[in-house]
Amino acid sequence: MMGLQIFTNSLAHFLAGVLLLCAFALLSQRRLAAMITLVQAEALVLSAAAFWQGLVQGSDGLFLTGIITLCIKGFLLPIALRRITRQFNLIRAVETVMPVGLSMIIGVGLIGIAVMVVLPGSAGTVTLTHEDLAIALSVVLLGLLVMTTRRNALSQVIGFLSTENGLVLAAIGMPGMPFVVELSVALLVLLALLVVGVFVFQLREHFETLDLSGIEAIERRGR
Amino acid sequence: MSVTAIAVLLPFLAAIGLGFAGSPLQGALLNLVVCSLVFVLTVLVFLAPGAGFLHGLLQADPLGMIFGALSGFVALTTAISNIDFVRGEIEHMSARRWRVYHAMCQVMLGASLLGLYADNIGLLWAAVEVATVAATLGVSLPRSASALEAAWKYFILGGVGIALALFGTMVLYLAAQPAVGPGLSAMSFSVLATHATQLDGRLLTLAFVFLLFGYGTKAALVPLHGWLPDAYAEGPAPLTTMLSGLLLNVALIAVLRFAHLMQANFSAGGGAVRPGPFLLSLGLASLLLTAFSLWGRRDARRFFGFSSIEHTGIAAFAFGIGGAAAIFAGLLHMLLHTLIKSALFQALTRAAASRGRASPGNFAFSHLRGMLATSKPLAWMLGACVFALTGLPPSGLFSSEFLIVSQTIQRQPLLSLPLGIGLVVCAIAIIRLIGPLIFNPPPPAAVPVKAGAGICTVGVHLLLVLVLAFAMPLGLVRMLSSIAGALQ
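Here the structure is a predicted model, which means the values were calculated and not measured.

Conventions adopted
Residues numbered from 1 in each chain as written. Chains lettered and ligands numbered in written order. Predicted model: local features only at pLDDT ≥ 70, side-chain atom pairs only at ≥ 80, totals over all residues. Helix = DSSP H or I, 4+ residues; strand = E, 2+ residues; numbered from the N terminus. Rg over C-alpha atoms; globule rule 2.2 N^0.38 Å. Buried ≥ 20, exposed ≤ 12 C-beta atoms within 10 Å, placed from the backbone. Contact = placed C-beta atoms within 7 Å. Domains from an automatic or database assignment. Expected span 1.5 Å × (residues − 1). pLDDT = per-residue confidence, 0-100. Axes fitted to C-alpha atoms, helices over the stretch in contact; angles between N-to-C directions. Parallel < 35°, antiparallel > 145°, perpendicular 65-115°, else oblique. Left-handed = near helix turned anticlockwise from the far one by under 90°. Nonpolar A, V, L, I, M, F, W, Y, C, P; charged D, E, K, R; others polar. Core = buried A, V, L, I, M, F, W, Y, C linked by C-beta atoms within 7 Å.

Visitor: Give a description of the overall build of chain B that names residues and reports values.
Guide: The secondary structure content of chain B amounts to 21 helices and 0 strands. In summary, chain B has a C-alpha radius of gyration of 21 Å against a globular reference of 23 Å for 488 residues, a match within 12%. Along the longest, intermediate and shortest principal axes, the C-alpha atoms of chain B span 70 × 55 × 45 Å. Of all 488 residues assigned to chain B, the portion counted as buried reaches 64%. Look at the contacts in chain B between residues 6 or more apart in sequence, and 81% of them connect residues 24 or more apart.

Written out as structure tokens, the structure reads:
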């Protein structure tokens, strides 16, 4: 029984660790395509973690969360994001506010802060939850860092996606937390709207420039 | 089903209907009908509280009831003036967008009531999330580049705030584990409040920081205020009124409730940090930043957006001082500010409409100056609203600000100087507007216009402010004091 408990913990930690690694790698990426692949990997790992927690806690809600994550964040959203990048030719469009090295150093600092803030409070409660929480908080903070260091709207959305993965990771690790499915669906709605927003933005920019150049061309010819 | 549940569900159901059918004017009328029904329901909640719906998820406490009724009232008067707004702007948006607009008004109302009546931290979060999505859609409706930009800014900042608030919610759930155990009760406000002393203090502090910054974004506390002036200036005018009248209060009351948990835990030696300094610093920062930002604004709605930041800051400051009297003053300040600000936005919308169109570009002070030449009743109402906002006597806000200042001198004497300076500078920045706005010669294209009967809503708001500030009914005083006593 003890061995099973340790195995449970270490597999949960392993999955959370892989998620953290992906979130950290996101900081170093300059190309949108690679960023999308990374959040896709994050979503796959997250759904695996949700399935595992569902099995351990015996909760159907967590299975549902896993399935939703797998379908929407694992496949649908990345496909939509890739479409947008291809359609508007955004492959090389990522501008960073600061050098990648610097943002990675800040990222390490954030992980340190997350661990320091969460871990010492573990007196009395289940420690597994706390370690998971520390990792989830790191993912959340790294996602926010990605959002602040990128200028491009689409990479901000990707940062938000990563933040959201961290939130869902925290939620599935909470013992017996109600509403996990509802909360993750509510977050997804927000995300879907963000993606639509980017799409509208790009569409508008595209057509506006087309429109303007057309008018200018007509004007130059003297109508 | 309880009255509370009907009051929350009705706007959402109406939103579905409004979103799919009807001409713009029909939509505006239906919007008005639903808002008046909801207002009646929010008043009925006082008579029949209790009766928890969905295992007690939805259970209005006195604080929620008072602000629920206020939200219902503001939504009703906004819906009345919305009819004139729709008449003036009808050609400038397609029928489909008008449907979305009215649906979003209802969703914002429903979500605000849900946030106020919810006895569950998860449900509160969901309400704020829904309200954010609705407000974003609403602000983006004019489809101009600046409106889209404002909506995007709101969405990104709001999204980050929502993410932080959700994390805080989960950590709070974890902090409740030792006292309450797993399950739904660990997310209930009333259960958390009764067990506040046994919560895990460290985790509670961590949760509070996230919740403060998360909901603080929605309440537009500095430094998380960036979205507010843009969203106010670019969205459709009545929607701005709903934003300032409803959503700010929901977020601020959420912050107040969480701060109370911290304070109770701290007082009992549970290991949490005192929440006062957090609220005091954010509140004071909001007030002082506004004192600088109010100068040199050209757009009226942006200007009064900054003034909203000032007043949520003052309320947060009052909550930070601590003690029943200060919390009473903060709640009174929120009540009065909501009434005055929504009246002001209604008057401003009418003023802009009398000068052509109430569209986002038409709220410049230079465009609105000299209202007296356009319409006397409108000019006096507008002047009265602007004056009421300064907080000088006999404006209603004077009573709450006086209470807050006297409490500050008593409990935090060092902070009374910056508070006083901030209040005075803001008052001067606002009062210097009255002259140009009312008496200056109007722009050449302005023609006299007859003010419609709809202007009465502004008068009713101002009258209510005077009653609340200087002759508050005894029942309400008792209710507010007992709320403040319970939350100190």
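After that view of the structure, there is still more to cover.
Visitor: Give me the lowdown on the overall build of chain A, citing residues and values where you can.
Guide: Scanning chain A for helices and strands turns up 7 helices and 0 strands. Listing each helix as α and each strand as β along chain A from the N terminus yields α-α-α-α-α-α-α. Evaluated residue by residue, chain A yields a buried proportion of 41% over its 223 residues. Pairs at least 24 residues apart make up 71% of the contacts formed inside chain A by residues separated by at least 6 positions.

Visitor: Please provide a residue-by-residue account of the interface of chain B and chain A, values included.
Guide: Contacts between the two partners involve 27 residues from chain B and, on the opposite side, 32 residues from chain A. For the side of chain B that touches chain A, the secondary-structure elements that each account for two or more residues are α5 (121-139), α6 (145-175), α7 (177-180) and α9 (201-219) of chain B. Here the element with the most residues in the side of chain B that touches chain A is α6(B); it accounts for 13 residues.

Visitor: Before we move on, can you summarise the environment of B:Arg87 with the specific residues and values?
Guide: For B:Arg87, the position within the fold is in helix α3 (residues 62-89). The spatial distance from the C-alpha of B:Arg87 to the C-alpha of B:Ala379 is 21 Å, given a sequence separation of 292 residues.

Visitor: Give a description of the domain arrangement of chain B that names residues and reports values.
Guide: Residues and elements named next belong to chain B. What the domain assignment lists for chain B is domain 1 (1-119), domain 2 (140-274) and domain 3 (280-488). One C-alpha centre belongs to domain 1, the other to domain 2; they are set 22 Å apart. On the side of domain 2, 17 residues touch domain 1, which itself brings 22 residues to the contact. Contributions of two or more residues to the side of domain 1 that touches domain 2 are made by α3 and α4 (95-117).

Visitor: Break down helix α16 (residues 376-390) of chain B for me, with residues and values.
Guide: Residue and element names in this part refer to chain B. Here α16 contains 15 residues, and its C-alpha end-to-end distance of 22 Å stays within 8% of the 21 Å for a straight helix at 1.5 Å per residue. Extensive coverage of α16 is indicated by the burial of 11 of its 15 residues. For α16, the set of buried residues is Leu378, Ala379, Met381, Leu382, Ala384, Cys385, Val386, Phe387, Ala388, Leu389 and Thr390. Contact partners of the buried residues in α16: α13 (300-321), α14 (324-354), α17 (397-411), α18 (416-431), α19 (434-439) and α20 (456-470). Trailing α16 by a residue or two, glycine 391 shows a phi angle of about 80°, which is positive.

Visitor: Any chance you could break down unusual backbone geometry for me, citing the residues and the numbers?
Guide: Note that the residue after B:Val222, namely B:Pro223, is joined by a cis bond; omega there is 5°. Backbone torsion omega between B:Pro393 and B:Pro394 reads 5°, so that peptide bond is classified as cis. Relative to the elements of secondary structure, B:Pro394 occurs in the loop between α16 and α17. Located in the positive-phi region is A:Phe179, a residue other than glycine, with phi close to 70°. Of note, A:Phe179 is situated in the loop between α6 (153-173) and α7 (180-220). Despite not being glycine, B:Ala220 shows a phi value in the positive range, around 60°. Its location among the elements puts B:Ala220 in the loop between α9 and α10 (227-234).

Visitor: Can you explain the confidence of the model for chain A? Please cite residues and give values.
Guide: All names here are of chain A. Of all residues in chain A, 82% attain a pLDDT of 70 or more, and the chain-wide mean is 81. In the model of chain A, α7 stands out as the element of lowest mean pLDDT, 66, in contrast to helix α2 (residues 32-57), which has the highest, 92. Long-range and interchain partners of residues 209-223, a stretch whose pLDDT sits below 50, account for 1 contact in this model, where long-range means more than four residues apart.

Visitor: Can you tell me about the environment of B:Thr194, naming the residues and giving the values?
Guide: All names here are of chain B. Here threonine 194 lies in helix α8 (residues 189-194). Taking the number of C-beta atoms within 10 Å as the measure of exposure, threonine 194 has 13 and is therefore partly exposed. Through-space distance from the C-alpha of threonine 194 to that of leucine 261 is 9.1 Å; in sequence the pair is 67 residues apart.

Visitor: An account of the packing of α3(B) against helix α21 (residues 474-487) of chain B is requested, with residue identities and associated values reported.
Guide: Residues and elements named next belong to chain B. Contact pair α3 / α21: the axes reach a minimum separation of 9 Å and the direction vectors enclose 130°. Overall, the two elements α3 and α21 adopt an arrangement that is oblique. Note on packing geometry: the crossing formed by α3 with α21 is left-handed. The residues of α21 that touch α3, namely those facing Pro62, Leu63 and Ile66, are Met479, Ser482 and Ile483. A breakdown of the residues in the contact of α3 with α21 according to their chemical character gives 5 nonpolar, 1 polar and no charged.

Visitor: Give a description of the nonpolar core that names residues and reports values.
Guide: All names here are of chain B. By size, the foremost hydrophobic cluster in this structure holds 264 residues, and its most contacted members are Met108, Val255, Leu382 and Cys385. At 22 residues, the largest contribution of residues to this core is made by α6. Beyond its immediate sequence surroundings of up to four residues, leucine 382 is in contact with Ala347, Leu348, Ala351, Met371 and Leu437.

Visitor: Just give me the short version of helix α12 (residues 276-293) of chain B, but keep the residues and values in it.
Guide: End to end, α12(B) covers 25 Å across 18 residues, agreeing with the expected 26 Å (1.5 Å per residue, within 8%). The element α12(B) is extensively covered by neighbouring structure, given that 13 of its 18 residues are classed as buried.

Visitor: I'd like to hear about the environment of B:Ala268, residue by residue, with values.
Guide: Residue position: B:Ala268 is located in the loop between α11 (237-267) and α12. B:Ala268 gets classed as partly exposed once you count the C-beta atoms within 10 Å, which come to 14.

Visitor: Describe the packing of α3(B) against α20(B), naming the residues involved and giving the relevant values.
Guide: All names here are of chain B. Two elements in contact, α3 and α20, have axes whose closest approach is 10 Å; the angle formed by their N-to-C orientations is 160°. Between α3 and α20, the interaxial angle falls into the category roughly antiparallel. The two elements α3 and α20 meet at a crossing, and its hand is left-handed. Together, Thr77, Ile80 and Ser81 of α3 and Thr457, Val460 and His461 of α20 make up the contact between the two elements. Here the contact of α3 with α20 is built from residues that sort into 2 nonpolar, 4 polar and no charged.

Visitor: Go over the confidence of the model for chain B, please, and point to the residues and values.
Guide: All names here are of chain B. This prediction gives chain B a mean pLDDT of 91; 98% of its residues lie at or above 70. By mean pLDDT, the top-scoring element of chain B is α18 (95), and the lowest-scoring one is α7 (85). Two summary scores accompany this predicted model of the complex, namely pTM at 0.92 and ipTM at 0.87.

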